[in-house]
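Given next are the chains, with one letter for each unit.
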There are 4 protein chains.
Amino acid sequence: MGTDRRLHFTSDYMEGAHPLILRRLAETNLEQSAGYGEDTYTAAAREKIRAACGTPEADVFFLAGGTQTNAVLTGALLRPWQGVISARSGHISVHEAGAIEAGGHKVLALEHRDGKLSAETVRACAEEYRQDENRDHMVEPGMVYISHPTEYGTLYSLAELEALSAVCREYGMPLYLDGARLAYALACPENDVALPDIGRLCDAFYIGGTKCGTLFGEAAVIPKHGAVPHLFTMIKQRGALLAKGRIPAIQFDVLFTDGLYLEIGKPAIETAARIREALDRKGYEQAFPNPTNQILIVLDEEQAEALSPKVEMSFMERMPDGRILMRIATSWATTAADTDRLIECL
Amino acid sequence: MGTDRRLHFTSDYMEGAHPLILRRLAETNLEQSAGYGEDTYTAAAREKIRAACGTPEADVFFLAGGTQTNAVLTGALLRPWQGVISARSGHISVHEAGAIEAGGHKVLALEHRDGKLSAETVRACAEEYRQDENRDHMVEPGMVYISHPTEYGTLYSLAELEALSAVCREYGMPLYLDGARLAYALACPENDVALPDIGRLCDAFYIGGTKCGTLFGEAAVIPKHGAVPHLFTMIKQRGALLAKGRIPAIQFDVLFTDGLYLEIGKPAIETAARIREALDRKGYEQAFPNPTNQILIVLDEEQAEALSPKVEMSFMERMPDGRILMRIATSWATTAADTDRLIECL
Amino acid sequence: MGTDRRLHFTSDYMEGAHPLILRRLAETNLEQSAGYGEDTYTAAAREKIRAACGTPEADVFFLAGGTQTNAVLTGALLRPWQGVISARSGHISVHEAGAIEAGGHKVLALEHRDGKLSAETVRACAEEYRQDENRDHMVEPGMVYISHPTEYGTLYSLAELEALSAVCREYGMPLYLDGARLAYALACPENDVALPDIGRLCDAFYIGGTKCGTLFGEAAVIPKHGAVPHLFTMIKQRGALLAKGRIPAIQFDVLFTDGLYLEIGKPAIETAARIREALDRKGYEQAFPNPTNQILIVLDEEQAEALSPKVEMSFMERMPDGRILMRIATSWATTAADTDRLIECL
Amino acid sequence: MGTDRRLHFTSDYMEGAHPLILRRLAETNLEQSAGYGEDTYTAAAREKIRAACGTPEADVFFLAGGTQTNAVLTGALLRPWQGVISARSGHISVHEAGAIEAGGHKVLALEHRDGKLSAETVRACAEEYRQDENRDHMVEPGMVYISHPTEYGTLYSLAELEALSAVCREYGMPLYLDGARLAYALACPENDVALPDIGRLCDAFYIGGTKCGTLFGEAAVIPKHGAVPHLFTMIKQRGALLAKGRIPAIQFDVLFTDGLYLEIGKPAIETAARIREALDRKGYEQAFPNPTNQILIVLDEEQAEALSPKVEMSFMERMPDGRILMRIATSWATTAADTDRLIECL
């Protein structure tokens, strides 16, 4: 972005880390600690996450990024004859360069509503498999992947998550939640899914760091201790084991101290609300209405050409009618000043 | 290591980052930059690494860790019918939890001397394959993996590396160098392999960050631009693409500013020399003599019991005679005071 | 089937082999020949197939079955960052238990018409990938899979195949044709795609044996010699190399002697035509109208219950309205007597 | 071998099938049966194999070839963090083109004696893993692969097999036996390992057909029903499910009728004994002394040049001293006349 004078609302990973995190990394910098997550900082961060999620016995691991975490946990939860159910728009289905398939598994991509899978859709898929006389020639639905917020910024309600979890348990499929942007869900007044709900309803999930205030890092959580055997070795095998395990752990320790993770997304939500209101006022078409930090707008060529020299946004997809779906993303670091300037530009 | 009062010479990844790195991360923290390595910091770090390696057109990528980098590059360099030649003691052969095989390729583990592969050994393997009438039923040796320093801390001489490179080119096998601890080689007066030699003789390599002063991160270098097609996507597919690509890049930018990478290993080398001399004086048996930061000693049970309450070392392997091979590792952060105390304990 | 007194129109792999094949296997039985396809029978069969396909330099291999052949050739044609385009109804997409994904590749399932992919659909997919700004995070469409006849028995016209081939070549994607039931296409008067057309328009294909008169076996053909390097070893690695390579080769030698392969499907086509006419007359709803040996009928529960004690058919899929799609398959071995009895039952 | 006038003692897969097998295939040829092993012939063959092995509840599947069977069962028995122990000379380690690694698993190649793994070697490997402090960074030994007869024709004694099985069960590692040439073991007076011993001591094994009298096909046996879940689908996924499942089944049905499988190897054993005696008499150096159908001789260049125009043998490996190890293989179909002629040539 350097000499680029545009406003940047491209993504929620444009800045470094929350200042408290950098400060803590500096304070602890020359201490010595054991490698590979066997240090006291990792132990402390794990304990705080267990407490926040209401999962006292959970296995917790800190990995570097989201695609990696999805690939490791999917690979660990599935058996070779199984695939993972995902919304057709799911990150693992579209934007992870075939990581799941590279690990040997099919993504069973299902229809969604605003990026969300419904319990009914999942049940229909599981049931169809059970009733298909050729099922032994087919990939068994072995787990369910959802993201919260979704790739379109939308949120599951607690009732929806309860229903999904119930179907998954009925059919013996682990429910996995990709929480890359979880802090932005937790900061929304509209969200009624709390961390302990996720801990109770999901069989594995990750709490996003990279997009929620850390330099990098995601916290993978398996609520039931030992449910995924040899996970440490699987993480190593996938190249996802950090030698200096304390570096992501310290960052999560800060995020889970004094409730920071529940607060850190609030500026993003507040600025997004202001931007949405301005967009409405100025007649832009918003798609996938949602209360989180991703604002999706449909632009025709003229609009795109007018906005693009002033604001950098993110390309999402080309619509069947030729218009493009663009994303304005706010983050924990978005300033009121930039938000004011953006609103002026619209 | 918290309340543990022992001295810690376990590894070279016990501390955080070089203070200049932390300072630079703090200075740039709230700047905004593009994701996935498309930012100006990444561009700058790439340029500095190209200059230091004498590879002006090199493709450079920053990944999180060593096993990951080995897995990505091995997977990208090999075709499906090929395997990778490695010393039997090579990290990819022993301590990466089968990451290469999980990617579909055999590690062709060959005999070594002090952790080093010789050109003759590599030639014999390639030649044996060519002459075997059953070769079409066998894995083709498709590339060669070496580490410098090796897992036992030993160094290739320039002549040895030249010979290996010549054999590899004769047989059309890319030569790949794992430089997890490269800074410690470069800091040794005994080392005659400079970065431009590696740039000239290898087809791919990585410059270690995690063990050489960064919080995390390795710099993968492909001297010949485009030699590994679609590498960005392969990195993404393996879960090795960092959203905040600038974070490792800034760290490498610091390491490659004012020659820091050539200097950072020196304290480790100096303290290791002092420790080696003391070990000799006190009659300890050293194995795999080498000039780098890994000191390997053979301990019987009595010696191990005497030392272990005072110094934490790292377990390497059990010898056929029942004694154990332990490692004392120094690092860029090892202090003279700790070194003095260690020498007293011996 | 044993004591089962029903008529069997379940599939085209219910009988053994064409009598000429069994006779030839018996004649050659105690001869000695080299293994792994290096025998003179394999050489002869290859030569006949090359001649029939108008591909004098083609590489030809004999494998045991269709899923295996699809998996081997897809794995050999794709690079790690690529996936294979297929109709959503394609065998590799639905009924091969995730074999393509187990080999590390995504099946890019596209919309079809009666089981057929159109050139336009393929072009749109390739173009969308090219124009997507996130394409480096996505699986590249790397080849196109079609079946002829399709899974629904339908046929590509020569014009359609020409158009598909042109798009594939324009975008650098090999076109692969699954000919599991190719003999039934070649026996149809409606078919205008001859073997030399396939040899000219496809980059790889297989000529089906198992469903077209052999005990087992498929002939994989790569028109351009050497286009798929190390294919012998890839076949071995996938467990698809038969030690007694002459056994499938002799069967194909018979099929490609005196034009048998062009004739063998005719009884299936003739009996299918009679059955179709009877179905129409009796008011059954046929789906996916086609001239080949697979007749697809839509049955409600009552119809299914009436027919099922008399005729064994094959379950295809459950329709959204609850009715089921069933398949009546004829084969090279279907008799006039059984066909008469079937028509009486309807 | 066509116009080649040499004697052929290259392998035990040079001829077609035992005449009784061909006859039975002809008798049943135009019968109709269900596909994919759901027919009555498959059921019958399974029952006979269960009876012969003393494993009344065994799961039995018929696959096309040995590499395929090894790959499918290894993939099904191992979890992702595990590898398979094999003798360094094991077929899966050397001559299957990396099939195990292509399936994601490391072959842990151990020292052998005459191609055999000892219980002590296996125990040492398992124990070393358990005691290695870095084991979580390493591949866990997850199963043991042996062949009987081995690649060098040698045989395990019952005591050796009992000991291996005991170690495997102590460490929770399934014992898998590759019986590609099992009929030749069973035909040896020296062999004291009967089929029920294998059924009792192994957790999975296959009974070789291709090298023991069938056109193709191996019978995979899992003594404990259900021990390998979803095996049908795994077989399909690997491309190893034969549509006409009855074709290999009928062949095994013949082999397991009236004890043919116990008899079929006898001519091979008798002719091999005569050849061995002649070799001794004429001063050839035999390696890996064994009582089965593979005779291994060490030839210098002069000897090789003298023999090679008269007898085709099989190349095994080049010895460190430059001489070559060649194999003379007899089979169920080897004639007394050819044996006489061979002896004359020596």
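As shown above, the structure is provided for reference.
Rules behind the numbers
Residues numbered from 1 in each chain as written. Chains lettered and ligands numbered in written order. Predicted model: local features only at pLDDT ≥ 70, side-chain atom pairs only at ≥ 80, totals over all residues. Heavy atoms only, no water. Helix = DSSP H or I, 4+ residues; strand = E, 2+ residues; numbered from the N terminus. Rg over C-alpha atoms; globule rule 2.2 N^0.38 Å. Buried < 20%, exposed > 50% of the residue type's maximum accessible area, 1.4 Å probe, protein only. Contact = heavy atoms within 4.5 Å. Least-squares fit on C-alpha atoms with pLDDT ≥ 70 in both. Pairing = 2+ DSSP bridges. Axes fitted to C-alpha atoms, helices over the stretch in contact; angles between N-to-C directions. Parallel < 35°, antiparallel > 145°, perpendicular 65-115°, else oblique. Left-handed = near helix turned anticlockwise from the far one by under 90°. Buried area = accessible area lost by both parts, 1.4 Å probe. Salt bridge = Lys/Arg side-chain N within 4 Å of Asp/Glu carboxyl O. Polar contact = N/O pair within 3.5 Å; in protein donor to acceptor, adjacent residues only side chain to side chain. Nonpolar A, V, L, I, M, F, W, Y, C, P; charged D, E, K, R; others polar. Phe/Tyr/Trp six-rings, centres within 6.5 Å; stacked < 30°, edge-to-face > 60°. Arc of directions from axis to C-beta.

**Student:** What is the right way to look at the overall build of chain A in this model?
**Tutor:** Broken down by element type, chain A carries 15 helices and 13 strands. A globule of 346 residues ought to have a C-alpha radius of gyration of about 20 Å, and chain A, at 20 Å, matches this closely. Along the longest, intermediate and shortest principal axes, the C-alpha atoms of chain A span 60 × 55 × 35 Å. Burial statistics for chain A: of 346 residues in total, 67% are counted as buried. Relative to all contacts within chain A whose residues are 6 or more apart in sequence, the contacts with residues 24 or more apart total 74%.

**Student:** Help me out: how do you make sense of the relation of the copies chain A and chain C in this one?
**Tutor:** Copies of the same chain, two in number, are related to each other by a rotation about an axis and a translation along it. Superposing chain A onto chain C requires a rotation of 180° together with a translation of 0.0 Å along the rotation axis, leaving an RMSD of 0.0 Å. Such a turn and shift between the copies fits a two-fold axis. The fraction of interface residues of chain A whose copies in chain C are also interface residues reaches 100%, indicating that both copies meet through the same surface.

**Student:** What should I look at first to understand unusual backbone geometry in this one?
**Tutor:** The phi torsion of most residues other than glycine is negative, and most of the peptide bonds are trans. With an omega dihedral of -5°, the bond running from His148(A) to Pro149(A) counts as a cis peptide bond. Turning to its location among the elements, Pro149(A) is positioned in the loop between β5 (140-147) and α7 (158-170). A positive phi angle, close to 55°, is found at Asp114(B), a residue other than glycine. Residue position: Asp114(B) is located in the loop between β4 (107-110) and α6 (119-131). Notably, His230(C) is not glycine yet its phi reads approximately 55°, a positive angle. Relative to the helices and strands, His230(C) is located in the loop between β8 (218-222) and α10 (231-237).

**Student:** Whenever I open this one, the environment of Glu120(A) confuses me. Can you help?
**Tutor:** When you line up the elements, Glu120(A) lands in helix α6 (residues 119-131). Linking Glu120(A) and Tyr261(A), residues 141 residues apart in sequence, is a C-alpha distance of 32 Å.

**Student:** What is the right way to look at the sheet that holds strand β13 (residues 324-329) of chain A in this model?
**Tutor:** What links the strands of a sheet is backbone hydrogen bonding, and the strands pair in either a parallel or an antiparallel sense. Residues and elements named next belong to chain A. As summarised here, the arrangement of the 4 strands in space is β9-β10-β13-β12, forming an open sheet in which the pairing is antiparallel. Where the open sheet ends on each side, the last strands, each with one partner, are β9 (285-287) and β12 (314-318). For this sheet, the mean inter-axis angle between neighbouring strands, taken without regard to orientation, is 35°. For β12 and β13, the ladder comprises 4 bridges, and the chain directions are antiparallel. In the strand pairing of β13, Arg 318 is matched with Ile 324. On the sheet, helix α13 (residues 266-281) packs against β9, β10 (294-299) and β13 and is oriented at approximately 20° with respect to β10.

**Student:** Whenever I open this one, the packing of helix α2 (residues 40-53) of chain A against helix α11 (residues 246-255) of chain A confuses me. Can you help?
**Tutor:** Packed helices, taken two at a time, are described by the angle their axes make and the gap between the axes. Residues and elements named next belong to chain A. Two elements in contact, α2 and α11, have axes separated by 8 Å at closest approach and are oriented at 40°. As far as their axial angle goes, α11 and α2 are oblique. Considering only the axes of α2 and α11, their crossing is left-handed. Contacts between α2 and α11 involve Tyr 41, Thr 42, Ala 44, Ala 45, Lys 48 and Ile 49 from the former and Arg 246, Ala 249, Ile 250, Phe 252 and Asp 253 from the latter.

**Student:** Would you mind going over the interface of chain A and chain C with me for this structure?
**Tutor:** When the parts come together, some accessible area is lost, and that loss is often what is quoted as the size of the interface. Taken together, the contact pairs 23 residues of chain A with 23 residues of chain C. For the chain A and chain C pair, buried surface summed over both sides reaches about 1,900 Å², with 48% attributable to carbon and sulfur atoms. Per-residue buried area on chain A facing chain C is highest for Glu101(A), Lys106(A) and Phe315(A); these three make up 29% of the total on that side. Applying the counting rule to chain A against chain C returns 2 salt bridges. In this structure, the salt-bridge partner of Lys106(C) is Glu101(A), at a minimum N-O distance of 2.6 Å. Our count for the contact surface shared by chain A and chain C stands at 10 residue pairs in polar contact (both at pLDDT 80 or more). Secondary-structure elements contributing two or more residues to the side of chain A that touches chain C are α4 (91-94), α5 (99-102) and β12 of chain A. At 3 residues, the largest contribution of residues to the side of chain A that touches chain C is made by β12(A).

**Student:** When you look at the pairing of β13(A) in this model, what are you seeing that I'm missing?
**Tutor:** In the case of a regular strand, side chains alternate between the two sheet surfaces. Residue and element names in this part refer to chain A. Burial within β13 is extensive, with 6 of its 6 residues counted as buried. The side-chain alternation of β13 yields two buried faces, one formed by Ile 324, Met 326 and Ile 328 and the other by Leu 325, Arg 327 and Ala 329. Pairing geometry for β10 and β13, over 6 bridges, is antiparallel. Looking across to β13, one finds that Gln 294 is bridged to Ala 329. Counting the residues between successive antiparallel strands, the hairpin from β12 to β13 contains 5 residues, one of them, Gly 322, with a positive phi of roughly 95°.

**Student:** Looking at this structure, how should I read the interface of chain C and chain D?
**Tutor:** At the interface, 46 residues of chain C touch 46 residues of chain D. For the pair chain C and chain D, the summed buried surface comes to about 4,000 Å²; carbon and sulfur atoms form 58% of the total. Here chain C and chain D share 0 salt bridges between them. At the level of elements, α1 (19-27), α3 (66-77), α5 (99-102), α10 and α11 (246-255) of chain C are the ones that each hand at least two residues to the side of chain C that touches chain D. The residue inventory of the side of chain C that touches chain D, partitioned by class, reads 20 nonpolar, 18 polar and 8 charged.

**Student:** Mind showing me how you'd approach the sheet that holds strand β3 (residues 82-87) of chain C here?
**Tutor:** Residues and elements named next belong to chain C. Read from one edge of the open sheet, 7 strands run β2-β8-β7-β6-β5-β3-β4, paired in mixed fashion. A strand with exactly one partner marks an edge of an open sheet, and here the two such strands are β2 (59-63) and β4 (107-110). Taking the axes of each pair of neighbouring strands and ignoring which way they run, one obtains an average angle of 25° across the sheet. Note that β2 and β8 share 5 bridges and pair antiparallel. Residue pairing in the sheet places Leu 63 in a bridge with Glu 218 of β8. Of the strands in this sheet, β2, β7 (204-208) and β8 touch helix α2 (residues 40-53), which is tilted by about 120° from β2.

**Student:** Looking at this structure, I do not really get the pattern of salt bridges. What am I missing?
**Tutor:** Pairing between side chains of opposite charge can happen when their charged atoms approach one another. Summed over all chains, the structure comprises 76 salt bridges over all chains. Because the salt bridges share partners, they merge into one network encompassing Arg113(A), Lys116(A) and Glu160(A).

**Student:** Help me out: how do you make sense of the pairing of strand β8 (residues 218-222) of chain D in this one?
**Tutor:** For β8(D), the buried fraction is high: 5 of the 5 residues fall into the buried class. Side-chain alternation along β8(D) places Glu218(D), Ala220(D) and Ile222(D) on one buried face and Ala219(D) and Val221(D) on a second face that is also buried.

**Student:** Could you clarify how one ought to interpret the packing of aromatic side chains in this entry?
**Tutor:** Centre distance and the angle of the planes are the two values used to describe a pair of aromatic rings. Applying the stated criterion to the full structure yields 22 aromatic pairs over all chains. Seen in terms of ring centroids, Phe256(A) and Tyr261(A) are 5.1 Å apart; in terms of plane orientation they differ by 15°. Their pairing is stacked. When the ring of Phe216(C) is compared with that of Phe216(D), the centres are 4.1 Å apart and the planes differ by 40°; the resulting orientation is tilted. With Phe216(C) in the loop between β7 and β8 and Phe216(D) in the loop between β7 (204-208) and β8, this pair bridges two chains. Phe216(D) matches Phe216(C) in its accessibility class, with the two residues each being buried.

**Student:** Sorry if this is basic, but what is going on with helix α15 (residues 336-345) of chain B here?
**Tutor:** Residues that lie three or four places apart on an α-helix share one face, since the helix turns once every 3.6 residues. All names here are of chain B. Every buried residue of α15 is listed here: Asp 338, Thr 339, Leu 342, Ile 343 and Cys 345. For α15, the angular spread of buried residues about the axis comes to 155°, placing them on one side. Contacts made by the buried residues of α15 are with β1 (7-8), α13 (266-281), α14 (301-307), β11 (311-312) and β13 (324-329).

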